[in-house]
Amino acid sequence: MLVTKKYLLTAMLIVSGLSSFQVSGQQSLKDHILESGKLKDTFEKNFHWGLSMNMYWSSIAGEQVSDSYFYKPSIGGMVRAEYYFSKVVGVGLGVGFQQLGAGIKNSDVTGGAYSHPWITSDLGFVGNLDSTYLERIRFSTIQVPITIHFRTKKDVLQQGMRLSGSAGALFIHNSRVNQAYQSSVDGDHPYNWVTDNYVRNQWGYQITAGTDIDSGGGGSMFQVHFVFTQSLSNIYAKGQGDGRHISYGIRLSWLF
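Residues numbered from 1 in each chain as written. Predicted model: local features only at pLDDT ≥ 70, side-chain atom pairs only at ≥ 80, totals over all residues. Heavy atoms only, no water.

Colleague: I'm lost on the environment of Leu255 in this one. Help?
Modeller: Structurally, Leu255 is set in strand S10 (residues 242–255). For Leu255, a relative accessible area of 1% translates into the label buried. Remark: the alpha-carbon pair of Leu255 and Leu51, spanning 204 residues in sequence, is separated by 6.6 Å. Residues in contact with Leu255, not counting those within four places in the same chain, are His48, Trp49, Gly50, Arg80, Glu82, Ser220, Met221 and Gln223. (Helix = DSSP H or I, 4+ residues; strand = E, 2+ residues; numbered from the N terminus. Buried < 20%, exposed > 50% of the residue type's maximum accessible area, 1.4 Å probe, protein only. Contact = heavy atoms within 4.5 Å.)

Colleague: Any chance you could explain the side chain of Ser52 here in plain terms?
Modeller: For Ser52, the position within the fold is in strand S1 (residues 47–64). A polar side-chain atom of Ser52 sits 3.4 Å from a polar atom in the side chain of Asn54. (Polar contact = N/O pair within 3.5 Å; in protein donor to acceptor, adjacent residues only side chain to side chain.)

Colleague: Honestly, the packing of aromatic side chains in this entry has me stumped. Any pointers?
Modeller: Aromatic ring pairs are described here by two measures, namely the spacing of the ring centres and the angle between the planes. For the structure shown, the criterion picks out 9 aromatic pairs. Between the aromatic rings of Phe139 and Tyr198, the centroid separation amounts to 4.9 Å while the plane-to-plane angle is 80°, which identifies the pairing as edge-to-face. In this pair, Phe139 sits in strand S5 (residues 135–151) while Tyr198 sits in the loop between strand S7 (191–193) and strand S8 (201–214), placing the two residues 59 residues apart along the sequence. Each member of the pair Phe139 and Tyr198 is classed as buried. In textbook terms, an aromatic cluster arises when at least three aromatic residues are bridged by ring pairs, as seen for Tyr71, Phe226 and Tyr248. When the ring centre of Tyr84 is taken as reference, the NZ or CZ atom of Arg151 above it lies at 4.0 Å. (Phe/Tyr/Trp six-rings, centres within 6.5 Å; stacked < 30°, edge-to-face > 60°. Lys NZ or Arg CZ within 6 Å of the ring centre and 35° of its normal.)

Colleague: I tried to follow the nonpolar core on my own but got confused; where do I start?
Modeller: General note: in soluble globular proteins, nonpolar side chains tend to be found buried as a group. Counting 14 residues, the largest nonpolar core has Ile60, Tyr69, Ile137, Phe139 and Tyr198 as its most contacted members. What Ile137 contacts, discounting residues up to four positions off in sequence, is Ile60, Tyr69, Lys72, Leu100, Gly101, Ala102, Ile104, Val177, Asn178, Gln179, Val194 and Tyr198. (Core = buried A, V, L, I, M, F, W, Y, C linked by side-chain atoms within 4.5 Å.)

Colleague: I'm lost on the pairing of strand S9 (residues 221–231) in this one. Help?
Modeller: Residues in a regular strand point their side chains to alternate faces of the sheet. Covered by surrounding structure in S9 are Met221, Gln223, His225, Val227, Thr229 and Ser231 only, the residues Phe222, Val224, Phe226, Phe228 and Gln230 on the alternate face being uncovered. Here 11 bridges tie S8 to S9, and the two strands are oriented antiparallel to one another. If you follow Thr208 over to S9, its bridge partner there is Val227. Alignment of S9 against S10, held across 10 bridges, turns out to be antiparallel. From the neighbouring strand, Phe226 faces S10, where its bridge partner is Ile250. (Pairing = 2+ DSSP bridges.)

Rendered as structure tokens:
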């Protein structure tokens, strides 16, 4: 009888221990599920990386440029990364493709591209070669911005939005340059490759300002920035003049 009571007490202690362990395990699992279900605060993350799409206007500026230039649309894209040491200050790095260049303004002596479409140029196509806004010089560049970033510590205007900006150095590698005439009458666009007329590698600076937006939790972010860039040295390689790359526009970034 005494042995039976001893076995019964032992069994009750084992069952009690197992029940306690099961409750504890269920409680830990519940806490884990609740914790993993919480959306991460984007601005608590130190590191973000992602892609950007750049929609700029570019031209060539300077007191002694070789031609009369005007701004033309220039598109680009980049892989970017940002690391914040604190909630306010961080650094950034990127690499990607960016068009630069300008439109070349010519003297219009015949009244425009559609006034005399029967005119034949020396290049053998129909159209008005001296039409004012039809010639382009296009730079295909690889750019590497190295920047210092700033961001407001608290949300601005609405929840999940903070003001941000950056400034820093910009490395520009000029991979190729072509000078093209947009023959809008017949669609024949002659190209003249003039890469050797321009410096291949340059440094410039970049300044940006805009907003960082929490894109719905999980640590991802949508960024809209106004960007201004300018090269620091003469772009001409053969003494044509003294000019600088200049561009400005909107950069849309998706960072994770």
